[in-house]
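In case you want the letters, here they are:
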Amino acid sequence: MEVKTRFAPSPTGFLHVGGARTALFSWLYAKHCKGQFVLRIEDTDRERSTQEAIDAIIDSMKWLELNWDEGPYYQTKRFDRYREVIDKLLAEGKAYKCYCTKERVDALREEQKAKGLKQRYDGHCRDDHSEHSPDEPYVIRFRNPDEGVVAFDDMVKGHIEVKNSELDDLIIQRSDGTPTYNFCVVVDDWDMGITHVIRGDDHVNNTPRQINIYKALGAPVPVFCHLAMILGDDGTKLSKRHGAVSVMQYREDGFLPEALLNYLVRLGWSHGDQEVFSVEEMINLFTLDAITKSASGFNTKKLEWLNAHYMKTLPAETVAKELVWHLNRIGVTDLSNGPDPKLVVKNYCERTHTLKEMAQKALCYYQEITEYDPAGVKKWMKEGSVDVLKDALATLSALTSWDAQSIDSQLEIIAKNREIGMGKVGQPLRIAVTGSAMSPGIGDTMMLVGRDRTLKRIEKAIEHFGA
Ligand code: GLU
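Computed from a predicted model, the values in this text were never measured in an experiment.

**Student:** Talk me through the packing of helix H5 (residues 181-191) against helix H6 (residues 207-217); I want residue IDs and the actual numbers.
**Tutor:** Relative orientation of the contacting elements H5 and H6 amounts to 50 degrees, with a least axis distance of 9 Å. Of the possible angle classes, the one that applies to H5 and H6 is oblique. Seen from above, H5 lies across H6 with right-handed handedness. Listed contacts from H6 to Tyr181, Asn182, Phe183, Val185, Val186, Val187, Asp189 and Trp190 of H5 are Gln210, Ile213, Tyr214 and Leu217. For the contact of H5 with H6, the per-class residue count stands at nine nonpolar, two polar and one charged.

Here it is, written out as structure tokens:
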């Protein structure tokens, strides 16, 4: 049977790290088994679901390239189908209308609480055949079996067994006519042919109830795999308090999708001691039995390390694509006005830790510089520096081939002739052409700035500092 997994987020906020890990594991397992991956938006909670959150989820999935084979399905577009299944359950006596008022249910709970009993619905309306007026509100409850146990073998948690006597009759349709999560999820997974349900372990307690609904529908029960939660750097449940937890925030902060995916896969899955995995490798190696049982801890340092690793080792073209996104964000829309971003990546991948930082550093290659870094100026613009700039302008203007090596050798001659170190030549020039005293080798820097712009900037600096 073909494996089919799904990611089924509720669009009530951005896609956070925990959700992204669930999506990744579901996607990886489908890919590993050469199966299918479905994206389903669980938007039945209309008050809390927003279009903005849906967009954020889809954007994040696209950025991570967790491509889905089917969907996105929206639960709000499937109400007719849920209605149809509920009608069938009603007709078969597997569900019933419950007219109990809120007051009655609340009073029942209070009474159970006072007696130290488990709080649950008492089945009062199960066999209530009394007449009700059409405008009397009701909910629909699933008739949970009274006896026996519900058992399943979770791929992570192991064997789980719950007595039916512990479960009450779940509401599957609210009084406003909308179906509830535990019901919709079953109908969807059944209709969509989901074979493996991989999700956060906050849903473990829902699973026995859902299994009873599958059985009542005569639907095959999927394999369940509940992932242990992710803890923050400080060992408490990962939350907004821990800073950037949204996937798109990581993008904005300058992380590569490859780094985030690699980081996420290690949050609850392992393959020996290996830390670095290409997506290809993850797909080949990912199996459910290697998912760890205990909660995994978030480690920002490790993510940063992976990001630096991928910035250096991925093809410059891949990194450049992400760099362009960052450049756009800070106002560089016309790249024709500067170097090929691949060259920026090659020169900066060892010197910066994030793409956000790289884009900032690269601004001087695409936009005019508006100021000179005061600390750099103080340190390097000394007596004689303007003469060095003048020498450089003269020799570089005559240079026929504008490449790093030719530039460097011309500047070395200047240093030699003036009997000064290369620093005293390179640094004033760096300030002149980039505005700051920090950049790659001076030849490379000038190559990135471009010939005409370099010469113009040196001229301008001579005017500025020579006055
Ligand atoms: N919509 C649920 C959530 O976002 C997930 C349901 C499921 O995966 O079964 O928590």
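**Student:** Before we move on, can you summarise the sheet that holds strand E8 (residues 171-173) with the specific residues and values?
**Tutor:** Pairing in this open sheet of three strands is antiparallel, and the strands run E4-E5-E8 from one edge to the other. Edge positions in the sheet fall to strand E4 (95-98) and E8, since each has one partner strand and no second. Across the sheet, the mean angle separating the axes of adjacent strands is 45 degrees when strand polarity is ignored. Direction of pairing for E4 relative to strand E5 (residues 139-142): antiparallel, over a ladder of four bridges. Residue cysteine 98 lies in a different strand from E5, and its bridge partner there is valine 139.

**Student:** Hey, could you go over the layout of surface pockets for me, with residue numbers and the actual values?
**Tutor:** In this structure, the largest pocket occupies an estimated 910 Å³ of space. Along the wall of the largest pocket there are 35 residues; nearest its centre are His16, Gly18, Gly19, Thr22 and Asp202. Secondary structure elements with two or more residues in the lining of the largest pocket: strand E1 (4-7), helix H1 (17-32), H5 and strand E9 (196-200). It is H1 that contributes the most residues to the lining of the largest pocket, five residues altogether. Looking at side-chain class alone, the lining of the largest pocket contains 16 nonpolar, 10 polar and nine charged residues.

**Student:** Give me the lowdown on the pattern of salt bridges, citing residues and values where you can.
**Tutor:** Using the criterion set out here, one finds 33 salt bridges in the structure. Between arginine 48 and aspartate 45 there is a salt bridge whose closest N-O contact spans 3.4 Å. Judged by relative accessible area, which is 52%, arginine 48 ranks as exposed. Taken together, the shared-partner salt bridges in this structure form one network comprising Arg6, Arg40, Glu42, Arg78, Arg81, Glu84, Asp188, Asp189 and Asp191.

**Student:** Any chance you could break down the environment of arginine 126 for me, citing the residues and the numbers?
**Tutor:** On the secondary structure map, arginine 126 appears in the loop between helix H4 (102-114) and E5. Residues arginine 126 and methionine 381 lie 255 residues apart in sequence; the distance between their C-alpha atoms is 88 Å. Apart from residues lying up to four places away in sequence, arginine 126 is in contact with Tyr96, Arg143, Asn144, Asp146 and Asp169. From its side chain, arginine 126 meets the backbone oxygen of asparagine 144 in a polar contact 2.8 Å long. There is a polar contact of 2.8 Å between the side chain of arginine 126 and the side chain of aspartate 146.

**Student:** Lay out a positive patch on the surface in plain terms, naming residues and giving numbers.
**Tutor:** Together, Lys378, Lys379, Lys382 and Lys424 make up a positively charged patch on the protein surface. Summarising the element assignment, lysine 424 is placed in helix H17 (residues 422-434).

**Student:** Describe the packing of aromatic side chains, naming the residues involved and giving the relevant values.
**Tutor:** Applying the stated criterion across every chain yields a total of 12 aromatic pairs. Taking the centre distance of 6.5 Å and the plane angle of 70 degrees together, the rings of tyrosine 82 and phenylalanine 183 count as edge-to-face. Taken as a pair, tyrosine 82 in helix H3 (residues 79-91) and phenylalanine 183 in helix H5 lie far apart in primary sequence, 101 residues in all. Its relative accessible area of 1% is what places tyrosine 82 among the buried residues. Three or more aromatic residues joined by ring pairs form one cluster here, namely Phe25, Trp269, Phe277 and Phe286. The ring of phenylalanine 25 has arginine 21 lying over it, and the distance from NZ or CZ to the ring centre is 5.8 Å. The ring of tyrosine 121 has arginine 141 sitting right over it, with the charged end atom 3.6 Å from the ring centre.

**Student:** Can you explain the site of the ligand? Please cite residues and give values.
**Tutor:** In the vicinity of the ligand, the contacting residues are Arg6, Ala8, Pro9, Ser10, Glu42, Tyr181, Val185, Arg199 and His203. Alanine 8 has a polar backbone atom sitting 2.8 Å from a nitrogen atom of the ligand. Here histidine 203 contributes a side-chain N or O atom positioned 2.9 Å from an oxygen atom of the ligand. When the free accessible area of the ligand is taken as 300 Å², the share hidden by the protein chains comes to 81%. Comparing atom positions with the cavity grids shows the ligand to sit within the largest pocket.

Parameters at a glance
Residues numbered from 1 in each chain as written. Predicted model: local features only at pLDDT ≥ 70, side-chain atom pairs only at ≥ 80, totals over all residues. Heavy atoms only, no water. Axes fitted to C-alpha atoms, helices over the stretch in contact; angles between N-to-C directions. Helix = DSSP H or I, 4+ residues; strand = E, 2+ residues; numbered from the N terminus. Parallel < 35°, antiparallel > 145°, perpendicular 65-115°, else oblique. Left-handed = near helix turned anticlockwise from the far one by under 90°. Contact = heavy atoms within 4.5 Å. Nonpolar A, V, L, I, M, F, W, Y, C, P; charged D, E, K, R; others polar. Pairing = 2+ DSSP bridges. 1 Å grid on protein atoms, 1.4 Å probe; cavity = no way out; pocket = protein on both sides within 12 Å on 5 of 7 lines; lining within 4 Å. Points joined across faces, edges and corners; volume = space filled by probe spheres on them. Salt bridge = Lys/Arg side-chain N within 4 Å of Asp/Glu carboxyl O. Buried < 20%, exposed > 50% of the residue type's maximum accessible area, 1.4 Å probe, protein only. Polar contact = N/O pair within 3.5 Å; in protein donor to acceptor, adjacent residues only side chain to side chain. Patch = residues over 30% accessible without salt bridge, like charges linked within 9 Å, V, L, I, M, F, W, Y side chains within 5 Å. Areas by Shrake-Rupley, 256 points an atom, 1.4 Å probe, with all protein chains shown as cover. Lys, Arg positive; Asp, Glu negative; His and termini not counted. Charge placed at Lys NZ, Arg CZ, Asp CG, Glu CD. Phe/Tyr/Trp six-rings, centres within 6.5 Å; stacked < 30°, edge-to-face > 60°. Lys NZ or Arg CZ within 6 Å of the ring centre and 35° of its normal. Near = heavy atom within 4 Å. Sits in = over half its atoms within 2 Å of the grid points.

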